[in-house]
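# A structural walkthrough
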Amino acid sequence: MRNSKFISGFRTLGEVGYLSIRHLVLMRKMRRIGFVLTKYLRDVTFLDDYGVATPFELFYDDEYKVLAMLNHLLPFQREWSDFTHGMVKWLKRVQIRDSILVGGLDKRYKDVNDPLKWMRTSRSSIELEYPTLNKQLIMVGPLALFTVYAEIEDLPATVLLPYADRERLDPGAAAVAVDVINKIIGFNIDTRELYEDAKKIEQELQRQLEMIQKELSKSGVDRHYM
């Protein structure tokens, strides 16, 4: 995986990080190469298009040399720091060239006509034609921790933040992220499914999320979103 690019996102605002990375993994038919295990691993599984899904999975695209981490769930909040720091250190060890992270910005506070804003760590050399995130605007959650540790550990990281609806799943915002990743990596992944079938995808994943939440709540587990 030396000199590969890394892409990932978390199930936070609008589920943009999850929807975009899952779409990339499935459309590129990436092969699953590994799993991320934590001390308090989520006790949830289900069948996805490629088979039995585990909470945190690693996929690889041999043609484009892209490593993707697909997070079907959020880690427990008490593990966010260990999870993100551990991943950053591992990515450094395998000599990942660049990392691209996907999150979401609350569209209620949209102040530009562009569909997203972005930011990067000191080591990143990626340049985008979109406005950068406003200074002093606070980012929180596992995506923020990943960015913090990437800066500390000198891992190049670029964060894409499409404007998204915080009240529901937002496949349209995920399509924006996929379009930008297409440009950065050279993919030619069709996003029409995300745009045109946004309502269908939203309803399907919303049902899945509600089922997961119901099962987790039986164990007294709280869900956390950015």
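Residues numbered from 1 in each chain as written. Predicted model: local features only at pLDDT ≥ 70, side-chain atom pairs only at ≥ 80, totals over all residues. Heavy atoms only, no water.

This brings us to the overall build of the protein chain. Scanning the protein chain from N- to C-terminus turns up six helices and ten strands. Counting over 226 residues, the protein chain shows a buried share of 55%. (Helix = DSSP H or I, 4+ residues; strand = E, 2+ residues; numbered from the N terminus. Buried < 20%, exposed > 50% of the residue type's maximum accessible area, 1.4 Å probe, protein only.)

On the surface, Phe 35, Leu 37 and Leu 41 cluster together to form a nonpolar patch covering roughly 310 Å² of accessible area. Structurally, the position occupied by Leu 37 is in the loop between strand E2 (31-35) and strand E3 (46-48). With a relative accessible area of 69%, Leu 37 lands in the exposed category. (Patch = residues over 30% accessible without salt bridge, like charges linked within 9 Å, V, L, I, M, F, W, Y side chains within 5 Å. Areas by Shrake-Rupley, 256 points an atom, 1.4 Å probe, with all protein chains shown as cover. Salt bridge = Lys/Arg side-chain N within 4 Å of Asp/Glu carboxyl O.)

Taken together, the buried positions of helix H3 (residues 142-152) are Pro 142, Leu 143, Ala 144, Phe 146, Thr 147, Tyr 149 and Ala 150. Where H3 is buried, its residues touch strand E1 (5-9), helix H2 (80-93), strand E7 (98-102), strand E9 (116-120) and strand E10 (157-164). After H3 finishes, the residue Asp 154 shows a positive phi value of roughly 60°. (Contact = heavy atoms within 4.5 Å.)

A separate point is the pairing of strand E5 (residues 56-61). Counting buried residues along E5, six of its six residues qualify, which places the element largely inside the surrounding structure. Here E5 shows a buried face lined by Phe 56, Leu 58 and Tyr 60 and a second buried face lined by Glu 57, Phe 59 and Asp 61. Sheet topology note: the E2/E5 ladder contains four bridges and is antiparallel. Across the sheet, residue Phe 35 finds its bridge partner in E5, namely Glu 57. Both E5 and strand E6 (residues 66-71) contribute to a ladder of six bridges, which runs antiparallel. The residue bridging Phe 59 from the neighbouring strand is Ala 68, located in E6. Between E5 and E6, which follow one another and run antiparallel, lie four residues, and Lys 65 among them has a positive phi close to 55°. (Pairing = 2+ DSSP bridges.)

A word on the pattern of salt bridges. Inspection of the entire model under this criterion finds 16 salt bridges. Glu 127 is paired through a salt bridge with Arg 120; the nearest N and O atoms lie 3.2 Å apart. Judged by relative accessible area, Glu 127 falls into the exposed class, the value being 59%. Under the relative-accessibility criterion, Arg 120 is labelled partly exposed at 35%. Here Arg 168 and Asp 165 are joined by a salt bridge, their closest N and O atoms 3.2 Å apart. Classification of Asp 165 as buried rests on a relative accessible area of 15%. Via salt bridges that share partners, Arg 28, Asp 61 and Glu 63 belong to a single interconnected network.

Purely geometric numbers; function is a separate question.
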